[in-house]
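Listed below are the residues making up each chain.
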Amino acid sequence: MSEHDKESGGAADDTPAASYRTIDAVTAVVIFAIGAVVAWDSYRIGAKWGSDGPEAGYFPFYIGLILCISSIVNFINALREKSFAEGGESFVSKSSLRMVFSVMIPTIIYVAAIGGVGPVPGVGIYVASVIFIAVFMLWLGKYGWGKTLGVSIGVPVFFFLMFEIWFKVPLPKGPLEAMLGLD
Amino acid sequence: MEEISSLMHGFAVALTPMNIGLMMIGILLGVLIGVLPGLGGANGVAILLPLTFAMGSTPAGQVSAIILLSCIYWGALFGGAITSILFNIPGEPWSVATTFDGYPMSQKGKAGEALTAAFTSSFVGAFIAVLMITFLAPMVARFALRFGPPEFFSVYLLTFCSFVGMTKSPPFKTLAAMMLGFALAAVGLDTVTGQLRLTFGFTELLKGFDFLIAVIGLFGIGEILLTIEEGLNFKGTEGKMRMKVVLETWKELPKYWKTSLRSSAIGCWMGITPGGATPASFMGYGVAKKLSPNGANFGKGEIEGVVAPETAAHAAGTAALLPMLTLGIPGSPTAAVLLGGLLIWGLQPGPLLFEEKKDFVWGLIASMYLGNVVGLIVVLTTVPLFAAILRVPFSIIAPVILVICAIGAFTVHQSMFDVWLMIIFGIIGYVFKKLDYPMAPMVLAIVLGDRAEDAFRQSMLASQGSLAVFFSNGLVGSITALALLMLFWAPLSATIARLRR
Amino acid sequence: MSKHLNTAANRQPQAKWKRVALACAVAVGTFASGVASAWEPTKSVEFVVPAGTGGGADQMARFIQGVITKNNLMKQSMVVVNKSGGAGAEGFLDVKGSNKDPHKIIITLSNLFTTPLATGVPFNWKDLTPVQMLALDQFIFWVNADTPYKTAKEYVDAVKAAGPNKMKMGGTGSKQEDQIITVAIEKQTGAKFTYIPYKGGGEVAVQLVGKHVDSTVNNPIEAVEQWRAGKLRPLCVFDDKKMPYTAKVASNMSWGDIPTCASQGVSVDYQMLRGIFMPPGVTKEQVKFYVDLFKKVRETPDWKEFMEKGAFDTTALTGEDYVNWVTREEQRHQALMAEAGFLAKK
C-alpha cells in the first residue's frame, strides 16, 4: 500500500484515535467472551466422548476452550505492547477513522433502508441503492448532478433487469416497485 | 483405442455452428454470473434449464442443451477469479485462494497479468481433468467408491495440514482466528445427532453461517474500509491494458509447469471424491507454497500463487462432473441442478449412462474440450476491459461494490439478516487485518469445519469410537500419513536441510 | 373422462362471475392484469424446497418446474429455491412467515413432522395452508448385491447373529424418516444396527455400493440406477401391499416383484409425503389455482413416467381428505418418535 500516493485528504489529522494496544486487548476480551459462550452452550448439550464417538457438543466445547486460552495469551501479549505514553503504535488516526465512518455510516443506513427496521418498512434494495450511490458520489466524490444521476440510476436499473427479469432472483422491493406493478 | 473413436464421434456430434454459438453465449453468461457474488452457476443453470427443455427432445438437441448449460458452468469457473483479483471479493467460494496473491498483484498494477494467469491456469486445469475423464472414467469412478467417512476426514485433514504454517501472524492469533472459524461452522443443526447447536433460540441462526457471507464481509467490505483510510483517491494503479499483456504473461507461465501439474492432480482428485472445487483451491495453494522455491513470497503478489489455486479449482470443477454422471452424486450445487436437467430429459445418471447413452456422454465430453477452448478465447479478450475497471474513480466504484456485496449476501438465503451479518464481518475483517489476525485459516475453517466434523463422527460411529479407523486400510492410512507429513513439514524440512549441511 | 370435463366447463361461467365480483372487491389498489378470469399469479412463483439440492424433494420440485415450463401450464415462471437450514426448518419458517403471499409454495418431506418434534423449532403444518398431496414416496430395504442375503429375513438374522451394533445402516439425516424406520425395524425384530447419518439420499446409496455401510432404506428413485447396474439388491418394500409397477427394471425384476416387508417378518409400514403447502392466510381462489395447476401437471405423460421411474404411490389427495391424512400422519410421527426417544428435550 505504501507505494501509492497518499496526497488525499489534505491536511490530515494524524492524532491517534485509539492505540494499537487498546484495540488488541479489547479484541482479545471479545474473543474470550465468544469462546466462553461457545463452550458453555456446548457443555449444555453434551460435550463428552460417548460410547460411539463424540457427542454434539464435544468439538465445539474444546473449540470454545481453545478460543478462551488463546485469547488470554493474546490479551497478555497486548498488554506487553507499549502504550501511547511509551510511544506505542496507533491503531487508527482520527482522520482515518473519520474516513472509515464516512463510509460505514452511510452503508449501515443503506442496509437499514433496504429492509426497514422494526415496524418501519424498507424502501427495497433498488431505491436504496439509487440514493446510496448518489449520496456517495455527490458528498464524497463531489461529482456534478448529471454524472451522479446517470450512474446512481443506471446501475440499479441494470441490476433490476439482471436479477428480477433475467435471472428471476427476487431481491427486496418496496412501495415504489409495488406502485409501478413491478414486484 | 476405443476412447479415441468415441471421442471423435463425440466431436462430430458437438461440433456444429449452432453449438459453437451456444458455447459463446453460455460462457459469457457464466462469466457474468461468476463476477457477481451471490449469483452462482446454479442460478444461471436453473434459469436456462426450462429454456433448454424444448431443445432436449432429440439426442442431438440434448447435447446442444447440455453444452449450453455446462458452458455457463465453465464461464462461472472462469469468472469467479475476476472480482477476486480486482477487488479482493471472491465471486465464488473457490476463488478465495485466488485473492491471496491475485489482489496484491493488481495492487501492484499487474491486474492484467493476474487475470491472464488465472484464466490460462483454469484452462490448463480443466483440460487435464477432461483428459482424465476421457481415458480413465471407469477406473476413476471405481476409485470414488472407495471413499467412506474415514477417507473423507483424512482428505479434510490433509487440506488443513497443507495450510498450517502458511501465515506469519502470531501463532496464538492464528489459532484464535481458526477456532473462530470452526465455532462459526458449528452453528446450526448437527447432522449426526439432529440437535441444534449454538443457536440460542434465534431462528435466524438455524441455517448457520454461510461461507460466502463471511467472505464477502471479511474480504470485500473489510478491504474497502482499509482502502478508505488512505483517503478517497483510488489506489489501484493503471496496469498495462493492451492484449500484449496476455502474450507476455504466457511467456512466463511455462516456468510453473510443476505447480500446474501438482494442482491439476489435486483438483482431479478432489473433484472425483467429491470434495469439491473449494477445498481443492485451498489445498492447491497450500501445497504450492510449501513446495515452490518462491513459496516465501506467496501472499505478496506472486504469479505462481494465482496459478496454483486456479488450476486446482478448475480441474476439480470439471472432474466433479464425472461422479455426477456415473454415480448420480453431484459434486456442487451447480452440478445438482445439471443433474435435475438430465432427469427431465429422461437421462438418469448412473453406472449405465456411459453404456446406454453413448452419443450424449461423448458429445458432452467433446463439448468440455471445445467449451474450454472457446471459453479461454472469450475471457482473454475481456482482460483489458476488466483491467480498465480499475481506472474508475473510487467514489463511484466503492458504492457500486457495496451494493453488489449487499445483493450477494442477500441472495445466498434470501435473508436481510445475512446482509447485516456481512456488515459485521466487514468490521471484523477490518479490525483483524489491522491487528494481524490471519483471515485465511478462519475462512478455511468455516468452509470445511462442519464437513470435517461430520466425517470424523460418522467414522467414529462406524468404528465404535476407535481412532484406528484412520489407518485401517492403505488408502486412508496413506492420506492421513501425508497429512501428518504436511503438518510437520516446516520442522522436518529444516532438519533435513541442517543434516545436509 | 370427457363427460367429467363437460360438466366442469358448464359450471365455469357462473363461478366466473362470482370470482370477478370477489376479485374487484379484493383487488382495490392492486394492478390486477386479467380481471376477467380467476386468480392467477402476477409474478414469478417461488417454489421452496426445505432440503438441499439433488435430494428426492429437490428432484421432484425441479421436475415439476420443468413440466410446467415445457407444457406452458402457467403464464408466470416458477423459481425453485432451496432452504435446507436446520433440517428444513429454514424453509418452513420462511413460508410460515410469508403471511398471505400467494406467490410461494413449498414441497414437503417427512421433516414437516420430524423437524419440529426433534428440534423444538416452532412450526407445525397447521401454520401453513394445505394444497395438495402429489404422491407418496416408498422406502425399500437395500443391501449390496455382492452380499449373500436374498430376503429381509436372511439379512435380519445375519444382523442378529453378528451381534448388536456390528452391522451399519446408512440413512439421510438424524432423527428423520430413515432413522425412524431403522428404529422400527429394531423394535420389530430385535436386531440392533449402528445408524450412520449422511446428508443426502444419493450419497447414502453410493456409500452402500462402496460397502461403507451394510444396508439402507433408500427411496426407490435414489437407488434405482445402482440397482439397474447390478450393484444393489432390494429386499422388501415398507408398505402393506406390493407396488403396482410391472415393467422390468433390473435383473428381470420389476418394482412389483419386490415383496412387502411384512411378508418377510418385518412388519414396518412407512411412506413419505410429497405434498404442497402454501403460506397461511391465502384465499380459496389462490389455493384452487394451484390445485388446478397440479392437476394438469399430474395428467402429463412426463409426470406418469416420473412416477413409474421412482415407483411412487400415486395417491393424490386434496381438501379435507388431505387435511385428515396429514393430521393422522402427524399423530403417528408423534407416537413413533416418542417411542424412539427422538423428541426434543424441553
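Just so you know, these numbers come straight off a predicted model, no measurement behind them. (Residues numbered from 1 in each chain as written. Chains lettered and ligands numbered in written order. Predicted model: local features only at pLDDT ≥ 70, side-chain atom pairs only at ≥ 80, totals over all residues. Heavy atoms only, no water.)

A. Summary view of the packing of helix α5 (residues 96–107) of chain B against helix α9 (residues 211–229) of chain B. All names here are of chain B. Packing of α5 against α9 brings their axes to within 13 Å, and their N-to-C directions diverge by 15°. Accordingly, the angle class assigned to the pair α5 and α9 is roughly parallel. Of the two elements, α5 crosses α9, and the hand of that crossing is right-handed. When α5 is examined against α9, the residues Val96, Thr99, Phe100, Tyr103 and Gln107 are found in contact with a partner set consisting of Phe211, Val215, Phe219, Glu223 and Thr227. Residues belonging to the contact of α5 with α9 are distributed by class as follows: six nonpolar, three polar and one charged. (Axes fitted to C-alpha atoms, helices over the stretch in contact; angles between N-to-C directions. Helix = DSSP H or I, 4+ residues; strand = E, 2+ residues; numbered from the N terminus. Parallel < 35°, antiparallel > 145°, perpendicular 65-115°, else oblique. Left-handed = near helix turned anticlockwise from the far one by under 90°. Contact = heavy atoms within 4.5 Å. Nonpolar A, V, L, I, M, F, W, Y, C, P; charged D, E, K, R; others polar.)

B. Just the pairing of strand β12 (residues 272–278) of chain C, in detail. Residues and elements named next belong to chain C. Burial runs high along β12: seven of the seven residues are buried. Of the two faces of β12, the one carrying Met272, Arg274, Ile276 and Met278 and the one carrying Leu273, Gly275 and Phe277 are both buried. Pairing between strand β4 (residues 129–137) and β12: seven bridges, direction antiparallel. Bridging from a neighbouring strand, Leu136 pairs with Leu273 of β12. (Buried < 20%, exposed > 50% of the residue type's maximum accessible area, 1.4 Å probe, protein only. Pairing = 2+ DSSP bridges.)

C. Structural detail: the sheet that holds β12 of chain C. Residues and elements named next belong to chain C. Taken together, five strands build an open sheet; the order of strands is β2-β1-β3-β12-β4 and the sheet is mixed. Among the strands making up the open sheet, the edge pair consists of β2 (78–82) and β4. Across the sheet, the axes of successive neighbouring strands diverge by a mean angle of 20°, strand direction being ignored.

D. Examining the confidence of the model for chain A more closely. On average, residues of chain A score 85 in pLDDT, and 91% of them reach the 70 mark or higher. Overall, residues 1–11 of chain A carries pLDDT values under 50, and its contacts beyond four positions in sequence, including any with other chains, amount to 13 contacts. (pLDDT = per-residue confidence, 0-100.)

E. The interface of chain A and chain C, seen in detail. On the side of chain C, six residues touch chain A, which itself brings four residues to the contact. Of the roughly 400 Å² buried between chain A and chain C, counting both surfaces, carbon and sulfur atoms make up 59%. Where chain A touches chain C, the interface holds zero salt bridges. In the side of chain A that touches chain C, the residues fall into two nonpolar, no polar and two charged. (Buried area = accessible area lost by both parts, 1.4 Å probe. Salt bridge = Lys/Arg side-chain N within 4 Å of Asp/Glu carboxyl O.)

F. Spatial organisation of the interface of chain A and chain B. In this complex, chain A contributes 69 residues to the contact, which on the side of chain B involves 69 residues. A buried area of about 6400 Å², summed over both sides, lies between chain A and chain B, and 78% of it is on carbon and sulfur atoms. Applying the counting rule to chain A against chain B returns one salt bridge. Notably, a salt bridge pairs Asp24 of chain A with Lys173 of chain B, separated by 3.2 Å at the nearest N-O pair. Our enumeration of links across chain A and chain B arrives at nine residue pairs in polar contact (both at pLDDT 80 or more). Going through the elements one at a time, α1 (20–45), β3 (53–54), α2 (58–80), β4 (90–93), α3 (94–115), α4 (125–140) and α5 (145–166) of chain A are the ones with two or more residues in the side of chain A that touches chain B. A per-element tally of the side of chain A that touches chain B places α1 of chain A first, with 13 residues. Class assignment of the residues belonging to the side of chain A that touches chain B gives a composition of 48 nonpolar, 13 polar and eight charged. (Polar contact = N/O pair within 3.5 Å; in protein donor to acceptor, adjacent residues only side chain to side chain.)

G. Main features of the pattern of salt bridges. Residue and element names in this part refer to chain C. As enumerated under the stated definition, the model contains 29 salt bridges over all chains in all. Arg62 is the salt-bridge partner of Asp58, the closest N and O atoms lying 3.1 Å from each other. Of this pair, Asp58 and Arg62 both sit in helix α2 (residues 56–70), separated by four residues, roughly a single helical turn. Each member of the pair, Asp58 together with Arg62, is buried. Lys153 is the salt-bridge partner of Asp157, the closest N and O atoms lying 3.2 Å from each other. Of this pair, Asp157 and Lys153 both sit in helix α5 (residues 152–162), four residues apart, which is roughly one turn of the helix.

H. Representation of the domain arrangement of chain A in the model. Domain annotation for chain A reports domain 1 (16–92) and domain 2 (94–179). If you average the C-alpha positions of domain 1 of chain A and of domain 2 of chain A, the two centres end up 36 Å apart. (Domains from an automatic or database assignment.)

I. Just the side chain of Arg274 of chain C, in detail. Residues and elements named next belong to chain C. Mapping Arg274 onto the fold places it in strand β12. The class of Arg274 is buried, set by a relative accessible area of 2%. In this view, Arg274 contacts Gly56, Ala57, Met60, Thr108, Leu109, Met133, Leu134, Ala135, Asp137, Asn219 and Phe312; residues no more than four positions away in its chain are not counted.

J. Main features of helix α20 (residues 416–435) of chain B. All names here are of chain B. Its 20 residues give α20 an end-to-end C-alpha distance of 29 Å, which sits within 8% of 28 Å, the value for a rise of 1.5 Å per residue. The opening residue of α20, the one whose side-chain oxygen lies 3.2 Å from the backbone nitrogen of Phe417, is Ser415. Phi for Asp436, located one or two positions after α20, is positive at around 70°. (Expected span 1.5 Å × (residues − 1).)

K. Main features of the domain arrangement of chain C. Residue and element names in this part refer to chain C. Domains assigned within chain C are domain 1 (1–28), domain 2 (39–137 + 272–340) and domain 3 (140–264). Of the residues lining the interface, 24 residues belong to domain 2; the matching set on domain 3 comes to 16 residues. Together, the buried faces of domain 2 and domain 3 total about 1600 Å²; carbon and sulfur atoms form 61% of this surface. At the boundary of domain 2 and domain 3, one finds zero salt bridges. The interface formed by domain 2 and domain 3 holds two residue pairs in polar contact (both at pLDDT 80 or more) in total. At the level of elements, α2, α4 (111–119), β12, α10 (301–309) and α11 (319–340) are the ones that each hand at least two residues to the side of domain 2 that touches domain 3. It is α11 that provides the largest number of residues to the side of domain 2 that touches domain 3, a total of five residues.

L. Broad picture of unusual backbone geometry. All names here are of chain C. We note that Asn72 has phi near 55°; this positive angle belongs to a residue other than glycine. Although it is not a glycine, Lys100 sits at a positive phi angle of roughly 65°. Within the secondary structure layout, Lys100 lies in the loop between α3 (89–97) and β3 (104–107).

M. A look at the nonpolar core. Counting residues in each nonpolar core, the largest one holds 311 residues, and the members touching the most others are Phe163 of chain A, Met422 of chain B together with Phe141, Ile185 and Trp255 of chain C. Ile185 of chain C has contacts with Phe141, Met169, Gly190, Phe193, Val217, Phe238, Val266 and Val268 of chain C, leaving out every residue within four places of it along the chain. The next biggest cluster of nonpolar side chains, apart from the first, holds 21 residues, and it includes Val48, Ala89, Leu93 and Leu112 of chain C. (Core = buried A, V, L, I, M, F, W, Y, C linked by side-chain atoms within 4.5 Å.)

N. Inspection of helix α1 (residues 2–14) of chain B at higher detail. Residue and element names in this part refer to chain B. A rise of 1.5 Å per residue sets the reference length of α1, with its 13 residues, at 18 Å; its end C-alpha atoms lie 18 Å apart and thus fit the reference within 8%. All buried positions along α1 are accounted for by Ser6, Leu7, Gly10, Phe11, Val13 and Ala14. All buried residues of α1 lie within an arc of 155° about the axis, which places them on one face of the element. Contacts from the buried residues of α1 go to α2 (17–35), α4 (59–87), α6 (111–145) and α17 (358–381). (Arc of directions from axis to C-beta.)

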